[in-house]
Amino acid sequence: MNLASMRAAVAPLFTSWLKSDSNQISLASFLLFGFFAALVIYYYRVATQSSRPLPKLRRIAGLDAIDESIGRATEMGRPVVFNPGMSSFSAPTYGALAVLSYVAKQTARYDVRLIGCFRYPEVLAVAQSTIQACYVEEGKPDAFRTDDMRYLSGDQFGFASGCVGIVQRERAAAHHMFGSLAAEALLLAEAGAAAGAIQIAGQTNNLQTPFLVAACDYCLMVEELYVASAYLTQDRLRTGMLAAQDIIKVILIALILSGTLFVTFGSTLIGDLLILY
Amino acid sequence: MRRTVPLILSFTAGILMILDSYFKIPIINNFATDYLMRSISVSVAWAAGLGSLNLIRLHIRHISSKRQNYQFSYVLIGVWLFMLTCGIFLQGNTANPFYQFFYSNIQVNLSAAVYSLASFYLASSCYRAFRARSVESTVLLVSAAIVMIGSVPVGAAIWSGFPAIQGWLLKIVNDSVIRGWSIGLTLGGLSQSVRNLVGIERGHLQAGE
């Protein structure tokens, strides 16, 4: 049975209710998402029962270094600069905001000045209320400074030059770059290095990772940014989600390996099944 | 209340967008396209005003308290007011030639100038990174040197094997690693989105706990 005849046989089952995209991977994507949702529900139940074990998170040096960098800022009496990335609300920005809430609690606890640089005003508004709440939670509402939450520019390099200026003028002791970064990543990282700041980067742009590995003291790799909130809070619910994510990853690795084997022996069955509808 | 309402709103909007992505349900498809997507534009437009207010308030404080380099705040507020007035009141708004003249001849050039600094920063960051301090950094140093030599004509002139090794490093080693990253990032993003959707992730809703 070739691909065209398989597609013709499958299409009538789904065409009335399931959307199809140009790559014909709607069915595979839908099934994978459905399985992921089922895993999420399963691990939610596991996580809410404290007697049931969850996978342990391995050490992530970049996240451990957050406390070290804030400690250094405390000793030096210089500020921490936090940059939550170049995108508006998206998964990397939410990851960055999760880290920001932890950083804000620590800076409030140790009386360190926290400066936020923002490209999108909507992110600024949410981050500002998050940070303010962290300061209130730590019992230091007066230590929060609205002036330190700065909208710089909507323009990519306008924002970058503003951020570079702040890092260097304020002589930041720690420079945290999380979220989604683009061509300005190296400008920001080098500005921090010139100011002598401990730099921790965690971002999701594959093209920028090599620059940040070269220029920063610590760099979170790949999806470690999304692990940050679970790692920093050691929260069982969030850890459970990571377990679900890892199971999907194992399934995808198995698909890639079996697809490679099938193709090696002259069969395109696995690939064909993935692009049925 | 400050947490519950945003959670309910984000859960509802998220579920509707997922249903819209996968299923052919006209009422949901239309609602997602006509209302939800437009509501993003409306909220972003309001947020733009908020950003401007933040910026101007900060620089007015700079001026009023005569902080260091407060003179530049005059420039920023002046330029902001000028471009805002041109963009709103000139015929054609931002498409007006007068507005475009300032945008194309100042803004674009300044952005290009800042971007061009990246090449110098690249050299200084490579100088710090490419040092044989450990096994990993030595591998990085050697592979970077091969890729650099293999990318320029003089590399092929020295030894014809350099471009071949460079191609192997980029196409086999580098590409496969990047694809692995992409899968991890997609799954991580999906996991983050699901955590936001069901309210497990609350870092952006006040203090997170």
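Look up a bit, the structure's there.
Our subject in this report is the structure included herewith. Remember, it's a predicted structure, so these values are computed and weren't measured experimentally. (Residues numbered from 1 in each chain as written. Chains lettered and ligands numbered in written order. Predicted model: local features only at pLDDT ≥ 70, side-chain atom pairs only at ≥ 80, totals over all residues.)

### What about the overall build of chain A?
Here is the rule we go by: Secondary structure elements follow DSSP: runs of H or I of four or more residues count as helices, runs of E of two or more count as strands, with numbering from the N terminus. Exposure classification rests on a simple neighbour count of other C-beta atoms within 10 Å of a residue's own: a residue reaching 20 or more is buried, one at 12 or fewer is exposed, and one in between is partly exposed. C-beta atoms are placed from the backbone. Distance between backbone-placed C-beta atoms decides contact: two residues are in contact if it is within 7 Å.
The helix and strand tally for chain A stands at 11 helices and 6 strands. Principal-axis analysis of the C-alpha atoms gives chain A an extent of 70 × 45 × 35 Å. Burial statistics for chain A: of 277 residues in total, 45% are counted as buried. The contacts in chain A between residues at least 6 apart in sequence include a share of 72% that link residues at least 24 apart.

### Some details on the nonpolar core
In plain terms, the rule: For this entry, the nonpolar core is defined as buried Ala, Val, Leu, Ile, Met, Phe, Trp, Tyr and Cys residues connected by C-beta atoms within 7 Å.
With 91 residues, the main nonpolar core has Val80(A), Val103(A) and Ala189(A) as its most contacted residues. Top contributing element to this core by residue count: helix 4 (residues 91–109) of chain A, with 11 residues. For Ala189(A), the residues in contact, after removing those within four places along its chain, are Gln199(A), Ala201(A), Phe211(A), Leu212(A), Ala215(A), Cys216(A) and Ser125(B).

### Regarding the pairing of strand 5 (residues 198–203) of chain A
Residue and element names in this part refer to chain A. The following threshold applies: Paired strands are those between which DSSP finds at least two bridges. By convention a crossover is right-handed if, when the strands point away from the viewer, the path from the first strand over the helix to the second runs clockwise.
In terms of residue burial, strand 5 counts as a mostly covered element, since 6 of its 6 residues are buried. Neither face of strand 5 is left uncovered, since the one carrying Ile 198, Ile 200 and Gly 202 and the one carrying Gln 199, Ala 201 and Gln 203 both have all their residues buried. Pairing between strand 4 (residues 174–179) and strand 5: 6 bridges, direction parallel. The residue bridging His 176 from the neighbouring strand is Ile 200, located in strand 5. Crossover strand 4 to strand 5 through helix 7 (residues 185–195) is right-handed. Direction of pairing for strand 5 relative to strand 6 (residues 218–220): parallel, over a ladder of 3 bridges. In the strand pairing of strand 6, Ile 200 is matched with Tyr 218. Traced from strand 5 through helix 8 (residues 209–215) to strand 6, the parallel crossover comes out right-handed.

### Here's the deal with the interface of chain B and chain A
Keep this limit in mind: By the convention adopted, Pro, Cys, Tyr, Trp, Phe, Met, Ile, Leu, Val and Ala count as nonpolar, Lys, Arg, Asp and Glu as charged, and the other residues, Gly among them, as polar.
Taken together, the contact pairs 48 residues of chain B with 52 residues of chain A. Sorting the residues of the side of chain B that touches chain A by element identifies helix 2 (26–64), helix 4 (97–129) and helix 7 (161–198) of chain B as the ones contributing at least two each. Partitioned by chemical class, the residues of the side of chain B that touches chain A number 25 nonpolar, 19 polar and 4 charged.

### Things to note about the sheet that holds strand 4 of chain A
Residue and element names in this part refer to chain A. To be explicit about the condition: Axes here mean lines fitted to C-alpha atoms, for a helix over just the part in contact, with angles spanning 0 to 180 degrees between N-to-C directions.
Strand order in this open sheet of 6 strands is 3-2-1-4-5-6, and the pairing throughout is parallel. Each edge of the sheet is formed by a strand with only one pairing partner; in this case those strands are strand 3 (149–151) and strand 6. Strand-to-strand twist in this sheet, taken as the mean axis angle between neighbours without regard to direction, amounts to 15°. Where strand 1 (residues 80–83) and strand 4 come together, 4 bridges link them in parallel fashion. Of the residues in strand 4, the one forming a bridge with Phe 82 is His 176. In the packing of helix 7 onto the sheet, the strands contacted are strand 1, strand 4 and strand 5, and the crossing angle to strand 5 comes to about 160°.

### Focus: the packing of helix 1 (residues 4–22) of chain B against helix 2 of chain B
All names here are of chain B. Here is the rule: Working definition: roughly parallel below 35 degrees, roughly antiparallel above 145 degrees, roughly perpendicular at 65 to 115 degrees, and oblique for all remaining angles. A clockwise turn of the near helix away from the far one marks a right-handed crossing, whereas an anticlockwise turn of less than a right angle marks a left-handed crossing.
Where helix 1 meets helix 2, the closest approach of the two axes is 9 Å, and the angle between their N-to-C directions is 120°. Taken together, helix 1 and helix 2 sit at an angle that is classed as oblique. Helix 1 and helix 2 meet at a crossing whose hand is left-handed. Here Ala 13, Leu 16, Met 17, Leu 19 and Asp 20 of helix 1 come into contact with helix 2, specifically with Ile 28, Asn 29, Phe 31, Ala 32 and Leu 36. Broken down by class, the residue content of the contact of helix 1 with helix 2 amounts to 8 nonpolar, 1 polar and 1 charged.

### Some remarks on helix 7 of chain B
Residues and elements named next belong to chain B. Formally: Each residue after the first adds 1.5 Å to the expected span of a helix. Two axes are fitted around each residue, one to the seven residues ending there and one to the seven starting there, and the angle between them is reported as the bend at that residue.
With 38 residues, helix 7 extends 54 Å from end C-alpha to end C-alpha; this agrees with the ideal 56 Å at 1.5 Å per step. Considering bend angle alone, the principal kink of helix 7 is centred on Asn 174 and spans about 35°. Positive backbone phi, at 85°, marks Gly 199, one or two positions downstream of helix 7.

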